[in-house]
Amino acid sequence: MSLTALILTLTFVGIAIILSLWQHLQLEKDLIIGTIRAAIQLTAVGYILQIVFDLNEWPYLLLIILIMLLVAAQNAARRGKGINNIFIKILISIAAAEIIAMAILLGFHIVDSTPRFIIPLSGMVIGNAMISCGLFLNRLFQEIRSKKDVINVALSLGATSKQAINSALRNSVRASTIPVIDGLKTVGLVQLPGMMTGLIIGGTSPIEAVRYQLLILFSLTAVTTISSMILAFLTYPSIFTEAHQLKQIIK
Amino acid sequence: MAQQENNLPVFQFKNVIKHQPLTPGNNIAILENINIEITRGNIITITGPSGAGKSTLLFLLNRLIDTDQGEIFYQGKKLVDWDVTELRRQVGLVFQHPTMLAGSVKDNLLYGPLLHNEYPVESPAQLIEQVELPSYLLERDARDLSGGQQQRVTLARTLANSPRVLLLDEITSSLDPKTSSSIEKLVISLNNEQGYTCLWVTHNNDQSRRVGNTTWYLNNGKIEVI
Ligand SMILES: Nc1ncnc2c1ncn2[C@@H]1O[C@H](COP(=O)(O)OP(=O)(O)OP(=O)(O)O)[C@@H](O)[C@H]1O
Ligand SMILES: [Mg+2]
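Residues numbered from 1 in each chain as written. Chains lettered and ligands numbered in written order. Predicted model: local features only at pLDDT ≥ 70, side-chain atom pairs only at ≥ 80, totals over all residues. Heavy atoms only, no water.

## So, the nonpolar core
Membership of the largest hydrophobic core comes to 89 residues, with the highest contact counts inside it found for A:Ile90, B:Phe11, B:Phe13, B:Leu31, B:Tyr74 and B:Trp216. When residues of this core are assigned to their parent elements, the largest contribution, twelve residues, is made by helix α6 (residues 115-146) of chain A. When sequence neighbours within four positions are dropped, the list of residues in contact with B:Tyr74 reads B:Val10, B:Phe11, B:Leu79, B:Trp82, B:Leu87, B:Gln90, B:Val91, B:Arg164 and B:Val165. Core analysis: the second largest hydrophobic core is formed by 30 residues, B:Val105, B:Leu138, B:Leu159 and B:Leu168 among them. (Core = buried A, V, L, I, M, F, W, Y, C linked by side-chain atoms within 4.5 Å. Buried < 20%, exposed > 50% of the residue type's maximum accessible area, 1.4 Å probe, protein only. Helix = DSSP H or I, 4+ residues; strand = E, 2+ residues; numbered from the N terminus. Contact = heavy atoms within 4.5 Å.)

Here it is in structure tokens:
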């Protein structure tokens, strides 16, 4: 795509700004800042990826994945305020999902072990694990808030922390995987996924594009479940004291 | 050993201090340096104004919360030295506001014993009839029961664990006088025949006189024995 063509796509942003001014939506500022940020961030990423692809060396690749992991964990950690060491716990959960996904994809030679495959796939794995961890924490806090009495009753009857929180954890893991699993059922019928769209526009045959998309979808079901289950395992103990008492982490 | 156990007070408070947050940075004294004993086989009724800390006191004994300072002993051993799940089974708590666990009434009754892969000494039907409820309710979803029915299920659920001590928090507040009186008789018979020690929070002075050997009036962090 030529640079002129790219610049012409700013027309879309222009339309949004005009609509915003007309209807007093007061979105102009956010639209302009958002557009500039997206352009700078993605252009920078494009150049960095180009360099890493050309170098094709493991240390650079690992560095990029590490940065992705840190940013993702930092982002999801905001949803877990009140749980100690939540950043580390999320980092471990997402990293585990990434390691397992890459071990399968590369170990079985499903994709080539080159940055060209590893980086975009890792991006999707890490991004989805991040969303899954965020959804898990959201739901977990909601469960604790609404089921505080039920948890206390279970404890009072002699349940351990694990027994008392079990159903809340299970609901939260389930909630964190719903978007991906629902996506499995309607994919292609409602919208073509971004990656497949990109491949098709880039000239890949739709059949080939579909194969990659399926690979992504299938691996993401595992990734979301793995990351939120590990997170569940790591977080529940810090909701309780050692004497199996519910802490007041949430007001 | 059994003899020695019988001579020990069931509970012993030594310089117990407990505060609860009232507003941020502002605490209310629930227990202010309390030294008191509870002897075996007693029914102690606890009264006091709303917010005085009666429920908090029961939570301390079931160890859902801890004291700020001082120690509480159960059978001569510090609460904190007990295996907490075992302590909670022996010192059964019936909450002020009935809360049903997920599932049927039967699931609720079996919850405590099944945690230890045990079955209650009394059958679910016996347990529920004890609290004046018909056994056909066993299969009903517990959350569909009325408030008064739930209140009685919570009592039966605690009894299913065969506790030695019963902590009862206004357990007849949603019951009609007749059912209320049956529950009183049940607790008195458990106390007479099986030696249960009870702490019973009640706002009803008549009830307090009917069931209690001793009454505690809790207010401003002090306990007054009446
Ligand atoms: N989990 C909690 N967190 C903070 N404060 C609490 C908590 N539970 C109770 N309190 C406070 O402790 C004080 C005592 O409450 P508690 O429920 O023990 O009173 P009570 O004597 O049982 O009252 P009532 O007769 O209304 O049931 C109140 O000021 C209450 O706001
Ligand atoms: Mg109370």
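Further notes follow.
## So, the confidence of the model for chain B
For chain B, mean pLDDT is 93; residues scoring 70 or higher make up 97% of the total. This prediction of the complex comes with two scores: 0.87 for pTM and 0.94 for ipTM. (pLDDT = per-residue confidence, 0-100.)

## Quick notes on the pairing of strand β3 (residues 43-47) of chain B
Residues and elements named next belong to chain B. Of all five residues in β3, five are buried, a share of seventy percent or more. With burial as the criterion, each face of β3 is covered, one bearing Ile43, Thr45 and Thr47 and the other bearing Ile44 and Ile46. Where β3 and strand β8 (residues 197-201) come together, four bridges link them in parallel fashion. Residue pairing for β8: Ile43 is matched across the bridge by Cys198. Where β3 lies against strand β9 (residues 214-219), four bridges are found, and the strand directions are parallel. (Pairing = 2+ DSSP bridges.)

## Quick word on the pairing of β8(B)
Residue and element names in this part refer to chain B. Burial of β8 is extensive: five of the five residues sit out of reach of the surface. The alternating pattern of β8 places Thr197, Leu199 and Val201 and Cys198 and Trp200 on opposite faces, both of which are buried. As paired elements, strand β7 (residues 165-169) and β8 share five bridges and run parallel to each other. Among the inter-strand pairings, Asp169 is bridged to a residue of β8, identified as Val201.

## Notes on the coordination of the magnesium ion (ligand 2)
All names here are of chain B. In the first shell of the magnesium ion (ligand 2), the protein supplies Ser55 (OG) and Gln96 (OE1), at 1.9 to 2.2 Å from the metal. Placement of Ser55 in helix α2 (residues 54-61) and of Gln96 in the loop between β6 (91-94) and α4 (105-115) is noted, with a sequence separation of 41 residues between them. We classify Ser55 as partly exposed; its relative accessible area is 22%. On the accessibility criterion, Gln96 (26% relative accessible area) is partly exposed. (Donors = N, O, S within 2.8 Å, 3.2 Å for Na, K, Ca; no water.)

## A word on the sheet that holds β6(B)
Residue and element names in this part refer to chain B. Strand order in the open sheet formed by six strands is β6-β7-β8-β3-β9-β10, and the pairing between neighbours is mixed. One side of each edge strand has no neighbouring strand; the edge strands of this open sheet are β6 and β10 (222-225). Across this sheet, the average inter-strand angle for adjacent strands is 20°, counted without regard to direction. In terms of strand pairing, β6 meets β7 through four bridges, oriented parallel. (Axes fitted to C-alpha atoms, helices over the stretch in contact; angles between N-to-C directions.)

## Digging into unusual backbone geometry
Residue and element names in this part refer to chain A. The residue His24 is not glycine, and still its phi comes out positive at about 55°. On the secondary structure map, His24 appears in the loop between α2 (10-22) and α3 (28-55). Of note, His109 is a non-glycine position whose phi angle comes to about 55°, a positive value. Note on placement: His109 falls in the loop between α5 (86-107) and α6. Here His109 falls in the exposed class, since its relative accessible area comes to 67%.

## Some words on the site of ligand 1
Among the 16 residues in the neighbourhood of ligand 1, the closest are listed as B:Ser50, B:Gly51, B:Lys54, B:Ser55 and B:Thr56. One chain alone does not account for the residues near ligand 1; they come from chains A and B. Taking B:Ser50, its side chain carries an N or O atom lying 2.6 Å from an oxygen atom of ligand 1. Relative to its unbound accessible area of 630 Å², ligand 1 is 69% covered by the protein chains. The set of elements that each furnish at least two residues to the shell around ligand 1 consists of β1 (11-23) and α2 of chain B. (Near = heavy atom within 4 Å. Polar contact = N/O pair within 3.5 Å; in protein donor to acceptor, adjacent residues only side chain to side chain. Areas by Shrake-Rupley, 256 points an atom, 1.4 Å probe, with all protein chains shown as cover.)

## A look at the pattern of salt bridges
Inspection of the entire model under this criterion finds ten salt bridges over all chains. Among the salt bridges present, the one from A:Glu143 reaches A:Arg139, with a minimum N-O distance of 2.9 Å. Of this pair, A:Glu143 and A:Arg139 both sit in helix α6, four residues apart, roughly one helical turn. Here A:Glu143 falls in the buried class, since its relative accessible area comes to 4%. Exposure remark for A:Arg139: the relative accessible area of 27% places this residue in the partly exposed category. B:Arg209 is the salt-bridge partner of B:Asp206, the closest N and O atoms lying 2.9 Å from each other. (Salt bridge = Lys/Arg side-chain N within 4 Å of Asp/Glu carboxyl O.)

## A look at the domain arrangement of chain A
Many authors give the size of an interface as the accessible area that is lost as the parts come together. Residues and elements named next belong to chain A. Domain boundaries assigned for chain A yield domain 1 (1-55) and domain 2 (57-239). Computed from C-alpha coordinates alone, the two centres of domain 1 and domain 2 are separated by 28 Å. The partner domain 2 presents seven residues to the five residues of domain 1 that form the contact. Considering only the surface of domain 1 that becomes buried against domain 2, Val52, Phe53 and Leu55 emerge as the three largest contributors, covering 83% of it. Across the contact surface, domain 1 and domain 2 share zero salt bridges. (Domains from an automatic or database assignment. Buried area = accessible area lost by both parts, 1.4 Å probe.)

## Topic: the packing of α4(B) against helix α6 (residues 147-159) of chain B
All names here are of chain B. Two elements in contact, α4 and α6, have axes whose closest approach is 7 Å; the angle formed by their N-to-C orientations is 35°. The interaxial crossing formed by α4 with α6 has right-handed handedness. In this structure, α4 uses Val105, Asn108 and Leu109 to contact α6, whose residues at the interface are Val153, Ala156 and Arg157. Here the residues of the contact of α4 with α6 sort into four nonpolar, one polar and one charged. (Left-handed = near helix turned anticlockwise from the far one by under 90°. Nonpolar A, V, L, I, M, F, W, Y, C, P; charged D, E, K, R; others polar.)

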